[in-house]
Amino acid sequence: MPTVKYQKGDTVMGRWPGSSLYYEVKVLGFKPRTQLYTVIYKDGTELELKEQDIKSVSGFQTRSRSRSRSPSRRRSRSRSPARTTRRSSSRTTSAPSSRRDSKLKDTVEVRLSPLVSAAAALILSDHLIFVVVERLIERLKDAGKNNGRLNLTKLTSLVSLLCLFLPPGAYFWLLFLPAWVLFVILQVNLKDPSLVNAPPPLPPLDAFWDAQALGFVILWILFQALLYILPVGKLSEGMPLRSGERLKYRTNGFFAIVVSAIVAGIAVHQGVDLTYVHSHFLQLATATFIISVLLSIYLYVRSRYASSAELALGGNSGNVVYDFFKGHELNPRIKNFDLKFFCEMRPGLIGWCLINFAMALAEMKQQNLDAPSYAMILVNLFQLLYVVDGLWNEEAILTTMDLMHDGFGFMLAFGDLVWVPFTYTLQAYYLVSHPNSLSLPAVTAIVILKLIGFYIFRKSNSEKNAFRRNPSDPKLSHLKTIPTATGKSLLVSGWWGVVRHPNYLGDLIMALAWSLPCGFSHLLPWYYMIYFIILLVHRDSRDMSECRRKYGSAWDEYCRTVRYRIIPRVY
Ligand SMILES: NC(=O)c1ccc[n+]([C@@H]2O[C@H](COP(=O)([O-])OP(=O)(O)OC[C@H]3O[C@@H](n4cnc5c(N)ncnc54)[C@H](OP(=O)(O)O)[C@@H]3O)[C@@H](O)[C@H]2O)c1
Ligand SMILES: CC(C)CCC[C@@H](C)[C@H]1CC[C@H]2C3=C(CC[C@]12C)[C@@]1(C)CC[C@H](O)C(C)(C)[C@@H]1CC3
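Please read these numbers as outputs of a predicted model, since none were measured by experiment. (Residues numbered from 1 in each chain as written. Chains lettered and ligands numbered in written order. Predicted model: local features only at pLDDT ≥ 70, side-chain atom pairs only at ≥ 80, totals over all residues. Heavy atoms only, no water.)

1. Details of the overall build of the protein chain
Across its full length, the protein chain carries 22 helices and 11 strands. In the protein chain, buried positions account for 53% of the 571 residues. Taking the intrachain contacts of the protein chain between residues at least 6 apart in sequence as the baseline, contacts between residues at least 24 apart amount to 71%. (Helix = DSSP H or I, 4+ residues; strand = E, 2+ residues; numbered from the N terminus. Buried < 20%, exposed > 50% of the residue type's maximum accessible area, 1.4 Å probe, protein only. Contact = heavy atoms within 4.5 Å.)

Structural data, given as structure tokens:
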């Protein structure tokens, strides 16, 4: 390599992409065509870097000592990206640097996955805008350093100002998600509903509001909160936090759904007309939406006072709308009452089953039936099984992304309280006024499909959960694993050796079985399936980049061994 600045075998300082952190790396080679150096970090991560992202060790040390005392500069002495992982998760991490890490994560994600739909691309757009602006600011700073002619402060504020006028995805989603719920609720009541129809005319404003409906929703949430705080059931430990602490959670969800079912049964027996839920669906959804907005405002305000150790890595952009949407605090609690865990597992999830049940009663009433239709029974039983299983294995939620990594803000509050109960119930709602008769062979085939999906979903989730809780569990000793620099290992055989997200595969098969009973006359009951594909493809990409950041070369090795993401040999 005669004209090349750094030679094979040289030890130099390499910039970790997307950040201003440098680590000691060894040069493995140079590709004249791409003008990139292949370097290897101390934890084994191999990357390709531009010459401008490499500095000689001696020059680097002199400069870094003479520079500022800021934490990010101090961090530049650490030796490997694996350390970044550990350091960025320590209490001393400054918010800006963790933000940079998450931006890096998102950039990789966007590059890696050509998304299947424009909607999914929109999910990513908010991240992208921040990445682009941040990169631009970094470039400008670099340019300023190099020629000294640019007025850095002015340029930086100009770009930040520009950012204010760019419509980040958060603004879009804040408006779109509630509008979408309204759209599908209005559609499902039409004789000929369609996802591609123009929105039906808006009902008058007072049609949205019903004080009684708000009262019922508040009562329901309080009732679930009461069941949650009762000293019944197990106290489970969450995964270790950045501080090393493990929070305790009352995992009595199964008890909560059993008590709720008994209370609903007694109420119906006593003559309470549950078909109210069908006739006041819009008002109930509006009331729940108001509660989710109030909760999100409370969450945002309290997150401003939370210590940095209590914050999630995302949602700290400084942009009020983005942070409000994404959520800032990781585990907001009032004493021992965990708001995120409660909202994710209780009012919405159990409410979903209650609404489905009410729809079965409404179907019988509307269509003069003595018993619900086969299609309605299947949808009810399938979704009840899904929820009961989630609550029975409630502890497993503590190892999912939402609980471990995501802040609690509008996205999850609205998702858990409004989105789940008022859109996941659309199939049952649809069947109330759009009957679909099913033959016995069709019923049998759909049940078999559901059971296959459920088996894959449950087995794979339990396998990962058991492994994460006790990696040396003798029951898992037959499984092959890859060690990672963080001390955790990755499963490479068993379910997690078939595809990288076997649990998503099972979930998707189940989603198919939920839509099939509604037939093919309309797209609306297939809405869940379409939404779910987009959601899971996006979650898979997000998880991939997060794991690559955490596990470096070990993750790449896992991806080389397990080539497909969700569907074997297809995707
Ligand atoms: N119905 C719905 O609306 C809905 C929506 C979303 C998700 N879900 C379901 O919820 C469940 C949880 O989903 P999730 O998105 O949180 O993802 P998940 O698949 O449960 O968790 C991903 C995490 O698992 C760990 N992991 C990944 N590969 C591994 C391997 N080979 N060996 C060991 N650990 C590995 C990694 O975390 P660590 O390494 O840090 O432990 C990774 O971040 C899924 O079953 C999903 O289908 C349902
Ligand atoms: C578009 C947005 C508003 C997206 C909102 C997403 C949330 C509604 C989902 C994200 C994670 C999901 C989830 C379940 C329900 C829906 C979410 C909260 C879940 C609790 C359903 C029962 C399952 O058994 C489960 C526990 C595995 C599952 C966990 C993830």
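2. Thoughts on the site of ligand 1
The local shell around ligand 1 holds 25 residues, among which Y424, R468, Y504, D507 and Y551 are the closest. Take R468: an N or O atom from its side chain is 2.5 Å from an oxygen atom of ligand 1. One nitrogen or oxygen atom from the side chain of K550 is found 2.6 Å from an oxygen atom belonging to ligand 1. With the chains in place, 93% of the 920 Å² that ligand 1 exposes on its own is no longer accessible. Looking at the shell around ligand 1, the elements with two or more residues in it are helix 19 (440–469), strand 11 (489–491), helix 20 (502–515) and helix 21 (527–551). It is helix 21 that provides the largest number of residues to the shell around ligand 1, a total of eight residues. Of the residues belonging to the shell around ligand 1, the class tally is 14 nonpolar, four polar and seven charged. (Near = heavy atom within 4 Å. Polar contact = N/O pair within 3.5 Å; in protein donor to acceptor, adjacent residues only side chain to side chain. Areas by Shrake-Rupley, 256 points an atom, 1.4 Å probe, with all protein chains shown as cover. Nonpolar A, V, L, I, M, F, W, Y, C, P; charged D, E, K, R; others polar.)

3. A word on the UniProt feature "transmembrane region" (unreviewed entry) in the protein chain
Following the UniProt record, one finds the feature "transmembrane region" (unreviewed entry) at residues 158–188, 208–230, 251–269, 281–301, 412–432, 438–457, 478–499 and 511–537. The distance separating the terminal C-alpha atoms of residues 208–230 is 34 Å; by composition the span is 83% helix and 0% strand. End C-alpha atoms of residues 511–537 are separated by 14 Å, and the span's content is 59% helix alongside 0% strand. (UniProt positions renumbered as here; feature names shortened; annotations may be inferred.)

4. Concerning the packing of aromatic side chains
Overall, the coordinates contain 40 aromatic pairs when judged by the stated rule. With 4.8 Å between their ring centres and 85 degrees between their planes, F254 and W392 make a pair best called edge-to-face. Within this pair, whereas F254 is found in helix 9 (residues 253–269), its partner W392 is found in helix 15 (residues 374–392), the two being separated by 138 residues in sequence. Against the face of Y249 rests R333, its NZ or CZ located 4.8 Å from the ring centre. (Phe/Tyr/Trp six-rings, centres within 6.5 Å; stacked < 30°, edge-to-face > 60°. Lys NZ or Arg CZ within 6 Å of the ring centre and 35° of its normal.)

5. Focus: the pairing of strand 1 (residues 11–15)
Most of strand 1 sits inside the fold, with four of its five residues counted as buried. Sheet topology places strand 1 next to strand 2 (residues 22–31); five bridges connect them, and they run antiparallel. The residue bridging M13 from the neighbouring strand is E24, located in strand 2. Strand direction decides the pairing type here: strand 1 and strand 5 (residues 54–56), joined by three bridges, are antiparallel. Bridge pairing in strand 5 places V12 opposite S56. (Pairing = 2+ DSSP bridges.)

6. Some points on the packing of helix 9 against helix 14 (residues 347–366)
The geometry of helix 9 relative to helix 14 is characterised by a closest axis approach of 10 Å and an angle of 25 degrees between their N-to-C directions. Our classification of the angle between helix 9 and helix 14 gives roughly parallel. Taken as a pair, helix 9 and helix 14 cross one another with a handedness that is right-handed. Of the residues in helix 14, those in contact with G253, A256, I257, S260, A264 and V268 of helix 9 are I350, C353, L354, F357 and L361. For the contact of helix 9 with helix 14, the class distribution of residues is nine nonpolar, two polar and no charged. (Axes fitted to C-alpha atoms, helices over the stretch in contact; angles between N-to-C directions. Parallel < 35°, antiparallel > 145°, perpendicular 65-115°, else oblique. Left-handed = near helix turned anticlockwise from the far one by under 90°.)

7. So, the site of ligand 2
Around ligand 2 there are 15 residues in total, and G390, I397, D402, D416 and R539 lie nearest to it. For ligand 2, whose unbound accessible area comes to 630 Å², protein coverage reaches 87%. When residues in the shell around ligand 2 are grouped by element, the largest group, four residues, is from helix 17 (residues 410–423).

8. Details of the packing of helix 11 (residues 281–304) against helix 17
Two measures define how a pair of helices packs: the angle their axes make with one another and the distance between the axes. Axis separation between helix 11 and helix 17 bottoms out at 9 Å; the angle between their running directions is 165 degrees. When the interaxial angle is binned, helix 11 and helix 17 end up roughly antiparallel. Crossing hand, helix 11 versus helix 17: right-handed. On helix 17, the residues that touch F281, L284, A285, T288, F289, S292, V293, L295 and S296 of helix 11 are F410, A413, F414, L417, V418, P421 and F422. In the contact of helix 11 with helix 17, the residues fall into 13 nonpolar, three polar and no charged.

9. So, the nonpolar core
Judged by nonpolar contacts, the single largest core of 106 residues is most densely connected at F341, W352, M359, F408, W419, F422 and Y528. It is helix 7 (residues 169–188) that provides the largest number of residues to this core, a total of 10 residues. Contacts of Y528, omitting those with residues within four sequence positions, involve Y424, Q427, A511 and W514. In this structure, L476, L479, L490 and Y558 belong to the second largest nonpolar core, which totals 16 residues. (Core = buried A, V, L, I, M, F, W, Y, C linked by side-chain atoms within 4.5 Å.)

10. Examining the pairing of strand 3 (residues 36–41)
Most of strand 3 is tucked away: five of the six residues are buried. Where strand 2 lies against strand 3, six bridges are found, and the strand directions are antiparallel. Across the sheet, K31 pairs through a bridge with L36, a residue of strand 3. Between the antiparallel neighbours strand 2 and strand 3 lie four residues, among them Q35 with a positive phi of about 60 degrees.

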